[in-house]
Amino acid sequence: MRLARYFAKYYLMAISLTWFALVVLVVAAMLIEKAGQLTKQPEAVTTALKLALLNALPFGYQMLPLACFFALIIVGTFMARRGEWLAAEAGGVKGMGRWGGLAFVTLCCSFGAYAAGETILPM
């Protein structure tokens, strides 16, 4: 149980970092694309920040599955390189002991994104 919790915490941190990076990249590209129009505005900085915050929500909702997938690849690679997967297998931890935490975090992120997409995003 402790090992699954450790893997889940590590995976959740990777999802958070990957999700943040993807959303920042997409919103920054959108702001760069609209930079010409924003320079003509009298309050360009506040308009750009409002535009970035308003676009971060739908892009964040769209980027979450991709962030989960990339984070799974990243976590698997780092743990395999550091020998944690092999150590868990050598210690007798089978199947759900290793993958249970990752599956739990993925399901929680999926259901959380679905609930947010149905309630928060339409507003």
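The preceding data block contains the structure.
Nothing here was measured: the structure is a model prediction, and the numbers come from that model. Residues take numbers from 1 onward in each chain, read along the sequence in its written order. Since the coordinates come from a predicted model, pLDDT governs what is reported: local features require at least 70, and pairs of side-chain atoms require 80 or more to be given and counted, while whole-chain, interface and lining totals use all residues. With hydrogens and water stripped out, all remaining heavy atoms of the structure feed into the side-chain values.

## Concerning the layout of surface pockets
Here is step 1: Buriedness for pockets is judged along seven lines, at least five of which must meet protein on both sides within 12 Å for an open set on the 1 Å grid over protein atoms alone, while cavities are sets there where a 1.4 Å probe fits but cannot get out, and lining residues have an atom within 4 Å of a point. Grid points are joined across faces, edges and corners, and a volume is the space filled by probe spheres set on the points. Considering only enclosed or pocket space, the largest pocket measures out at about 390 Å³ in volume.
Here is step 2: Lining of the largest pocket is provided by 22 residues; of these, Trp19, Ala56, Leu57, Gly60 and Tyr61 occupy positions nearest its centre.
Here is step 3: Working definition: helices are DSSP H or I runs of at least four residues, strands are E runs of at least two. Numbering for both runs from the N terminus. In terms of residue count, the dominant contributor to the lining of the largest pocket is helix α1 (residues 2–33) (8 residues).
Here is step 4: By the convention adopted, Pro, Cys, Tyr, Trp, Phe, Met, Ile, Leu, Val and Ala count as nonpolar, Lys, Arg, Asp and Glu as charged, and the other residues, Gly among them, as polar. Residues that form the lining of the largest pocket fall into these classes: 18 nonpolar, 4 polar and no charged.

## Details of the nonpolar core
Side chains of nonpolar character tend, in soluble globular proteins, to be buried together.
Here is step 1: Residues Tyr11 and Ile15 are the most contacted members of the largest nonpolar core, which totals 17 residues.
Here is step 2: Put simply, the parts of the chain that give this core at least two residues each are α1, α3 (44–82), α4 (84–90) and α5 (96–119).
Here is step 3: Of all the elements, α1 adds the most residues to this core, at 6 residues.
Here is step 4: Ile15 has contacts with Leu64, Ala67, Cys68, Ala71, Val105 and Cys109, leaving out every residue within four places of it along the chain.
Here is step 5: Among buried residues, those of type Ala, Val, Leu, Ile, Met, Phe, Trp, Tyr and Cys that are joined through side-chain atoms within 4.5 Å constitute a nonpolar core. Exposed residues in this analysis have more than 50% of their type's maximum accessible area, buried residues have under 20%, and partly exposed residues fall in between, with area computed by a 1.4 Å probe over protein chains only. By size, the runner-up hydrophobic cluster in this structure holds 7 residues, among which are Val23, Val27, Met30 and Met63. In what follows, a contact means two residues having at least one pair of non-hydrogen atoms within 4.5 Å.

## Overview of the environment of Val24
Here is step 1: Note on placement: Val24 falls in helix α1.
Here is step 2: Overall, Val24 belongs to the partly exposed group, its relative accessible area being 40%.
Here is step 3: Along the chain, Val24 and Ala56 lie 32 residues apart, while their C-alpha atoms are 7.9 Å from each other.

## A closer look at α1
Here is step 1: Taking 1.5 Å as the rise per residue, α1 with 32 residues should run 46 Å; its terminal C-alpha atoms sit 47 Å apart, in good agreement.
Here is step 2: All buried positions along α1 are accounted for by Ala4, Phe7, Ala8, Tyr10, Tyr11, Ala14, Ile15, Thr18, Leu22, Val23, Val27 and Met30. The length a helix should cover is 1.5 Å for every residue beyond the first.

## Side note on the state of the cysteines
What makes a disulfide is a covalent bond joining the sulfur atoms belonging to two cysteines.
Here is step 1: In this description, the term disulfide denotes a pair of cysteine sulfurs within 2.5 Å. Inspection of the entire model under this criterion finds 0 disulfides.
Here is step 2: Not engaged in a disulfide, the cysteine Cys68 finds its nearest cysteine sulfur in Cys109; these two sulfurs lie 4.6 Å apart.
Here is step 3: Sulfur of Cys108: no disulfide; nearest cysteine sulfur belongs to Cys109 and is 7.1 Å away.
Here is step 4: On the basis of relative accessible area, Cys108 is assigned to the partly exposed category, the value being 42%.

## A short note on a nonpolar patch on the surface
Here is step 1: Patches were defined on residues exceeding 30% relative accessible area and lacking a salt bridge, with like-charge contacts within 9 Å and nonpolar side-chain contacts (Val, Leu, Ile, Met, Phe, Trp, Tyr) within 5 Å. Every accessible area reported is derived by Shrake-Rupley at a probe size of 1.4 Å, with residue values counting cover from the shown protein chains alone. Here, a salt bridge means any Lys or Arg side-chain nitrogen found within 4 Å of an Asp or Glu carboxyl oxygen. Together, Leu66, Phe69, Phe70, Ile73, Ile74 and Phe78 line one region of the surface with nonpolar side chains, adding up to about 510 Å² of accessible area.
Here is step 2: Looking at the element boundaries, Phe70 is found in helix α3.
Here is step 3: Overall, the relative accessible area of 34% leaves Phe70 in the partly exposed class.

## With respect to the pattern of salt bridges
Here is step 1: Scanning the model with the defined rule gives 1 salt bridge in all.
Here is step 2: Residue Glu84 is joined to Arg82 by a salt bridge in which the shortest nitrogen-to-oxygen separation is 2.6 Å.
Here is step 3: The exposure class assigned to Glu84 is buried, which follows from its relative accessible area of 19%.

## Concerning α5
Here is step 1: Over its 24 residues, α5 extends 32 Å from the first C-alpha to the last, a length consistent with the 34 Å expected when each residue adds 1.5 Å.
Here is step 2: Along α5, the residues classified as buried are Arg98, Gly100, Gly101, Leu102, Val105, Cys109, Ala113 and Gly117.

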